[in-house]
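Spelled out from the first residue to the last, the chains are:
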Amino acid sequence: MNKKRLLVKNFSFIWNGFIHLSDGSKWTLADPAREHDVTWWQTGDVVKLDCRRGTQLLRNISRDESVPVVSASERFLELAA
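Residues numbered from 1 in each chain as written. Predicted model: local features only at pLDDT ≥ 70, side-chain atom pairs only at ≥ 80, totals over all residues. Heavy atoms only, no water.

**As for the pattern of salt bridges**
Quick reminder of the rule: We define a salt bridge as a contact between a side-chain nitrogen of Lys or Arg and a carboxyl oxygen of Asp or Glu at a distance within 4 Å. By the criteria applied, helices consist of DSSP H or I runs no shorter than four residues and strands consist of E runs no shorter than two, each listed in order from the N terminus.
Evaluated as defined, the whole model comprises four salt bridges. Here aspartate 23 makes a salt bridge to lysine 9, at a shortest N to O gap of 3.2 Å. Residue aspartate 23 is found in the loop between strand E2 (18-21) and strand E3 (26-29), and its partner lysine 9 is found in strand E1 (residues 9-15); the two are separated by 14 residues along the sequence. Between aspartate 45 and arginine 63 there is a salt bridge, with its nearest N and O atoms 2.8 Å apart. Here arginine 63 lies in the loop between strand E5 (55-60) and strand E6 (65-71) and aspartate 45 lies in the loop between E3 and strand E4 (46-52), a separation of 18 residues in the sequence.

Structure follows, in structure tokens:
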């Protein structure tokens, strides 16, 4: 029987505005109004990525909170001259 396994990721830390996850990925908050704060999230909190209405959300399962995020690599794309 084929069953999808939940890929568990853990929150590692936040540094210089970047959210670091245990899988090595880096994210930044997509929150221009600064309504969300993740500085109080703890290392090891279980998180997963969701998509709602075209917006990527990082959902902290341990704390039952979701924040809009953007991949850090997307934010710094520049064209070479």
